[in-house]
Amino acid sequence: MSKRMNIYEEASRCLLCQDAPCTKACKTGDPARAIRAIRFDNHKPALQWVKDCSDADLERAEQACIHYNWPIRIKEMLRSIHPDDVDDSHYPNLTIDFCGIKCENPFFLASSAVCTNYEMVARAFDAGWAGVFYKTICLQEIKEVSPRFDAMHNNATHGDFYGFRNMEQLSENPVEEDFDILHELKKNYPSKVVVASIMGQTEDEWIRLAKMAEEAGCDAVELNFSCPQMKHKGMGSDVGQSPELVKTYTACVKNSVKIPVIPKMTPNITHIAEPAAACVEAGADAISAINTIKSVTMTFDSEVSGQRTISGYSGRAVRPIALRHILELAQMRNNAQCTMHNAQFELSGIGGIETWRDALEFIQLGCSNVQVCTAVMQYGYRIIDDLILGLQRYMAKRGVTRLSELVGERLEKFLNPDHLDRDTIIYPKFDKELCIGCGRCEVSCSDGGHQAIVFDKETRRPRLVGTKCVGCHLCRLVCPAGAIGVTKRIPRKN
């Protein structure tokens, strides 16, 4: 039986090398860029970078691969892709308004280690990022610990992590230096959006920093109510859990500056809408959400002089949690109370965004702007290429001409659990051609489901017992070969 290559699985093995040896050896194309496109969910457009390559070109590229165990199967992977069915000459632009500010696309750097000085942000702007929420500025002295980063990997893997933990705080630069940087960025990149993220300890500090941001020419100011690992009391996520405090600080800033004010909310709270509503009542123009989730760093290699502490958890593992908070904020925005107060604030989504499809989920729940941090730390500013490409291609395929048409379009799909359909069922469907006979579906259904699959050890094929199947779809999710699909939804039998 011939084995079908999973191109995404193979592309995930690629090391995403700097100055990639495979491309240098190929000469007629850029296989490294093509593989990166596949890795970031753009497999059909990937062919544009190897359209002139012969098999011999791709074989040379494969021979040059420096993978630590065996080379990426470049030729086989790229030759298995069908030509794109979307005309790239009709890609729409991604311009969108955020707080009345025109943005060339919705992709911004999140306030973090990815934007701590002029040179970094300038390179990001040159790469195609539309804006930056600059690393949070405060008036207190900041001294960081070492090490301060830790990651969650699958066992015995390196480099590619699904979760990231940090013990980092705010900008270590002198305050005046940071605002000078922001001034220079806005002067040299007038079409880009520059947002100052600030954090004060008193009303006077919040007002002073906000005014400095406005004087520096910043387009907006973000109020960091959410950093989970501040050493100074009365700052960060402790403030963000208090509706009274965030309302007070938002109001004092809003009354002090004319530029948009954007509080950044903490996820370390049961109901994010409560402090967010307080910010909106105080005049907030938008809400950023979420900051990192409080976690613990347990690994020996990440101890600081033998000690451990609370860390902030981020990366693709937190995306569903971030989306849940965005959903609550979007629903709050749409309810009658907000309409009565004319509080049509905007949303900036943050949390685990790596691909254009991740970003689209935030946009479809109501965000007109998204921020990226951990993926940039892992893969670099270059991921903006595939964020833009994928979103443009998606819009072209759907015939959508303005990005704003997608904002909030999936909100109506979300109901309370008591309103969901419980009278119909969708059964799994087994594809005998794709099934490799591993039996994983039977193991999971037997030990974690409803014992609705029988595995024939002679033929190495599963069989569904329809009278026992409840349509939970655990089998489909654990199948490593993608051999289990779905049937049509039908009425459930009593």
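Provided above is the structure to which this section pertains.
Predicted model only: the values in this text are computed from it and were never measured. Along each chain, residues carry numbers from 1 onward, in the same order as the chain's sequence is written. The predicted origin of the model limits local features to residues at a pLDDT of at least 70 and limits the giving and counting of side-chain atom pairs to 80 or more, whereas totals for whole chains, interfaces and linings rest on all residues. Hydrogens are left out, water is left out, and the side-chain values use all remaining heavy atoms of the structure.

So, on to empty space enclosed by the protein. Cavities and pockets were defined on a 1 Å grid built over protein atoms only: a cavity is a set of grid points that admits a 1.4 Å probe from which the probe cannot escape, a pocket is an open set flanked by protein on both sides within 12 Å along at least five of seven lines, and lining residues are those with an atom within 4 Å of any such point. Grid points are joined across faces, edges and corners, and a volume is the space filled by probe spheres set on the points. Per the stated rule, a full pass over the model turns up 3 cavities of 30 Å³ or more. Space inside the largest cavity adds up to approximately 460 Å³. Together, 36 residues line the largest cavity, and Ser111, Ser112, Asn291, Thr292 and Cys373 are the ones closest to its centre. Considering only enclosed or pocket space, the second largest cavity measures out at about 150 Å³ in volume. Lining the second largest cavity are 17 residues; nearest its centre among them are Cys435, Cys441, Pro462, Cys479 and Ala483. By the criteria applied, helices consist of DSSP H or I runs no shorter than four residues and strands consist of E runs no shorter than two, each listed in order from the N terminus. Those elements that place two or more of their residues in the lining of the second largest cavity are helix H17 (440-448) and strand E18 (461-464). Three classes are used, and their members are as follows: Ala, Val, Leu, Ile, Met, Phe, Trp, Tyr, Cys and Pro are nonpolar, Asp, Glu, Lys and Arg are charged, and the others, Gly among them, are polar. Across the lining of the second largest cavity, the residue classes break down as 11 nonpolar, 2 polar and 4 charged.

This paragraph deals with the nonpolar core. Of all hydrophobic cores here, the largest spans 133 residues; its most connected members are Trp129 and Phe179. Here this core takes 7 residues from helix H12 (residues 319-334), the largest share from any one element. With residues up to four places along the chain from it excluded, the contact list for Trp129 reads Asn105, Phe107, Phe108, Leu109, Ala124, Lys192, Val372, Val376, Tyr381, Ile383, Ile384 and Leu387. By nonpolar core is meant a set of buried Ala, Val, Leu, Ile, Met, Phe, Trp, Tyr and Cys residues that side-chain atoms within 4.5 Å join together. Type-normalised accessible area, obtained with a 1.4 Å probe on protein chains alone, sets the label of each residue: buried when under 20%, exposed when over 50%, and partly exposed for intermediate values. Should any heavy atoms of two residues lie within 4.5 Å, those residues are counted as being in contact.

What follows concerns the pattern of salt bridges. Every case where a carboxyl oxygen of Asp or Glu lies within 4 Å of a side-chain nitrogen of Lys or Arg is listed as a salt bridge. A complete count under the given rule lists 30 salt bridges for this structure. Asp385 serves as the salt-bridge partner of Arg36, at 3.8 Å between the closest nitrogen and oxygen. You can see Arg36 sitting in helix H3 (residues 31-39) and its partner Asp385 sitting in helix H16 (residues 384-398), a full 349 residues away along the chain. Within the structure, one salt-bridge network assembled from shared partners comprises Lys44, Asp84, Asp85, Arg393 and Lys397.

Time to look at the layout of surface pockets. In this structure, the second largest pocket spans a volume of roughly 480 Å³. What lines the second largest pocket is a set of 21 residues, among which Ser12, Cys14, His158, Gly159 and Asp160 lie closest to the centre. Split by residue class, the lining of the second largest pocket holds 8 nonpolar, 8 polar and 5 charged.

A word on helix H4 (residues 55-64). When H4 is considered as a whole, its buried residues turn out to be Asp57, Leu58 and Ala61. Summarising the axial view, the buried residues of H4 lie within an arc of 90 degrees, below the 170-degree limit, and thus occupy one face. What the arc covers is the set of directions going from the helix axis to the C-beta atoms.

We now examine the packing of aromatic side chains. Here is the rule: rings of Phe, Tyr and Trp (six-membered ring for Trp) pair when centre to centre is within 6.5 Å. Planes less than 30 degrees apart are stacked, more than 60 are edge-to-face, and the remainder are tilted. As enumerated under the stated definition, the model contains 6 aromatic pairs in all. Taking 5.8 Å as the distance between ring centres and 55 degrees as the angle between the ring planes, the aromatic pair formed by Phe108 and Phe133 counts as tilted. Placement of the pair is Phe108 in strand E3 (residues 107-109) and Phe133 in strand E4 (residues 131-137), with a sequence separation of 25 residues. The buried category is assigned to Phe133, whose relative accessible area is 0%. An angle of 40 degrees between the planes, with centres 5.8 Å apart, marks the rings of Trp356 and Tyr394 as tilted. In this pair, Trp356 sits in helix H14 (residues 356-364) while Tyr394 sits in helix H16, placing the two residues 38 residues apart along the sequence. Classification of Tyr394 by relative accessible area gives buried; the value is 16%. An aromatic cluster of at least three residues, connected via ring pairs, comprises Trp206, Phe225 and Tyr249. The side chain of Arg33 reaches across the aromatic face of Trp49, ending 4.1 Å from its centre. Charge-over-ring placement is defined geometrically: NZ (Lys) or CZ (Arg) within 6 Å of the ring centre, and within 35 degrees of the ring normal. Positioned above the aromatic ring of Phe345 is the side chain of Arg333, whose terminal nitrogen or guanidinium carbon lies 6.0 Å from the ring centre.

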